[in-house]
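The chain contents come next:
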Amino acid sequence: MTVAVNRFPHLLALAASLLTATALAGGANAQDEGLVVYNAQHESLGREWIDAFTKETGIKVTMRQGSDMQFANQIVQEGDASPADIFLTENSPAMALVDGAGLFAPVEKETLDQVPEQYRPADGMWTGIAARTTVFVYDKTKLSEDKLPKSLLDLADPAWKGRWGAAPAGADFQAIVASLLQLKGEDATKAWLKGLKDNATPYKGNSVAMKAVNSGEVEGAVIYHYYWFGDQAKTGENSKNVGLHYFKNQDPGAFVSVSGGGVLKSTQHMKEAQAFLKFVTGKAGQAILKDGTSYEYAIGKDAPSNDKLTPLADLNAPKVEASTLDSKKVVELMTAAGLI
């Protein structure tokens, strides 16, 4: 049976009002999000930056939490339709992936001028916002300083079989491998990855690897520095037996990984998004790194880091071009080595 819709004008009116209300609610929700940040940095640090920026400017920011390569690949898939305005990472390979896809807007000069050249790419499409260094954490009850590896490459030696650990599946460790690839080439990287596969115990995350060292499960592990400092600042229960070894000497194991920030060129809030990036790299944003609990390095010009950290200048890190670290090649090599 066919019913003439004009016989039920009240139903048409009701339907129209419901559709209008739904559309308005959707629009309001989208508007209420303000700036959308895809945050692959630690959630607590991302929240500190956002809260301080909103307090200073009144601009609302919505944070969506994820991981480096998860968000990088998502942004590439979303393209110009991405709802994100800003992308923040822990390591630079994810930034390089998005930059290579041509999805970043140029960072404003005033913002770039706040960051030394070694912590941002030459093309100015994103910038460093923080940094972390590779360290070898070791069981102080089992290893004396004279028994520590002189180089990251030493850990591939059969003498280290079963004695150390790492978290190879994570973006943190893959950034370390990417720097090794850039510094030493593909053949040396393949050889080291074979040694990693043969010698190391895999763990799910840097903090888990450090706990394994602390408990005596392995003698050492390759992680980033701030896991140790963060635990020491709390109870120290997961690091009481753990010492820090800095490779220095421009060794691949002294790699300093740059965390990045960029503005998506598809943003509908360009002025506000650029302001956010300027804030993070400026005095107030970098002070959060110094005074907060992230224990990551501040990299802004003349921006001091937490007093407990070994100064960046004293790490004697190798020179690595952060904007060209090759995440795709690293995944290919690590997959071939049976590590991921």
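About the criteria used
Residues numbered from 1 in each chain as written. Predicted model: local features only at pLDDT ≥ 70, side-chain atom pairs only at ≥ 80, totals over all residues. Heavy atoms only, no water. Helix = DSSP H or I, 4+ residues; strand = E, 2+ residues; numbered from the N terminus. Buried < 20%, exposed > 50% of the residue type's maximum accessible area, 1.4 Å probe, protein only. Contact = heavy atoms within 4.5 Å. Salt bridge = Lys/Arg side-chain N within 4 Å of Asp/Glu carboxyl O. Phe/Tyr/Trp six-rings, centres within 6.5 Å; stacked < 30°, edge-to-face > 60°. Lys NZ or Arg CZ within 6 Å of the ring centre and 35° of its normal. pLDDT = per-residue confidence, 0-100. Pairing = 2+ DSSP bridges. Right-handed = clockwise from strand over helix to strand, strands pointing away. Axes fitted to C-alpha atoms, helices over the stretch in contact; angles between N-to-C directions. Parallel < 35°, antiparallel > 145°, perpendicular 65-115°, else oblique.

The helix and strand inventory of the protein chain stands at twelve helices and nine strands. Based on the C-alpha atoms only, the size of the protein chain along its principal axes is roughly 90 × 55 × 40 Å. Here the protein chain holds 340 residues, and the buried ones make up 51% of them. Summarising the internal contacts of the protein chain: among those between residues at least 6 apart in sequence, 75% fall at separations of at least 24.

In this section: the pattern of salt bridges. A full pass over the atoms with the stated rule returns twelve salt bridges. The partner of Arg132 in a salt bridge is Asp172, and the shortest N-O contact between them spans 3.3 Å. Pair noted here: Arg132 is in strand β4 (residues 127-139) and Asp172 is in helix α6 (residues 171-184), with a separation of 40 residues, a long-range link. Asp172 gets classed as buried once you look at its relative accessible area, which sits at 7%. Between Asp198 and Lys194 there is a salt bridge, with its nearest N and O atoms 2.9 Å apart. Of this pair, Asp198 and Lys194 both sit in helix α7 (residues 186-199), four residues apart, which is roughly one turn of the helix. Given the relative accessible area of 53%, Lys194 is considered exposed. One salt-bridge network, in which partners are shared between bridges, spans Glu186, Lys190, Lys329 and Glu332.

What follows covers the packing of aromatic side chains. For the structure shown, the criterion picks out twelve aromatic pairs. On the numbers, 5.1 Å between centres and 85 degrees between planes, the contact of Phe53 with Phe276 is edge-to-face. Within this pair, whereas Phe53 is found in helix α2 (residues 43-57), its partner Phe276 is found in helix α10 (residues 270-281), the two being separated by 223 residues in sequence. Taken together, Tyr38, Phe71 and Phe87 form an aromatic cluster joined through their ring pairs. We note Arg163 situated over the ring of Trp160; from NZ or CZ to the ring centre the distance is 4.0 Å.

The predicted model of the protein chain has a mean per-residue pLDDT of 92, with 91% of residues at 70 or higher. Below a pLDDT of 50 lies the segment residues 1-30, which in the model reaches two contacts outside its immediate sequence neighbourhood of four places, other chains included.

Turning our attention to the pairing of strand β8 (residues 242-245). Side chains Val242 and Leu244 project from β8 onto one buried face, and the interleaved Gly243 and His245 project onto a second face that is buried too. As defined by bridge partners, β4 adjoins β8 across four bridges and the pair is classed as antiparallel. Residue pairing for β8: Asp139 is matched across the bridge by Val242.

At Asn249, a position not held by glycine, the phi torsion is positive, near 55 degrees. One can find Asn249 in the loop between β8 and β9 (256-263). With a phi angle near 55 degrees, Tyr295 is a residue other than glycine that sits in the positive phi range. Checked against the element boundaries, Tyr295 lands in the loop between α11 (283-291) and α12 (327-336). According to the relative accessible area criterion, Tyr295 is buried, its value standing at 6%.

Bringing the pairing of strand β2 (residues 61-65) into the picture now. Where a strand is regular, its side chains alternate between the two sheet faces. With five bridges connecting them, strand β1 (residues 35-39) and β2 associate as parallel partners. The residue bridging Val37 from the neighbouring strand is Met63, located in β2. In this fold, the crossover linking β1 to β2 by way of α2 has right-handed handedness.

This paragraph deals with helix α9 (residues 226-233). Most of α9 sits out of view: six of its eight residues are buried. Buried residues along α9 sit in contact with β4, α6, α8 (206-214), β7 (220-224) and β8.

Running from amino to carboxyl end, α10 crosses α11 at an angle of 45 degrees, the nearest separation of the two axes being 4 Å. Considering the angle they form, α10 stands oblique to α11. Taken together, the residues of α11 that come into contact with α10 (itself represented by Phe279, Val280 and Thr281) are Lys283, Ala284, Gly285 and Gln286.

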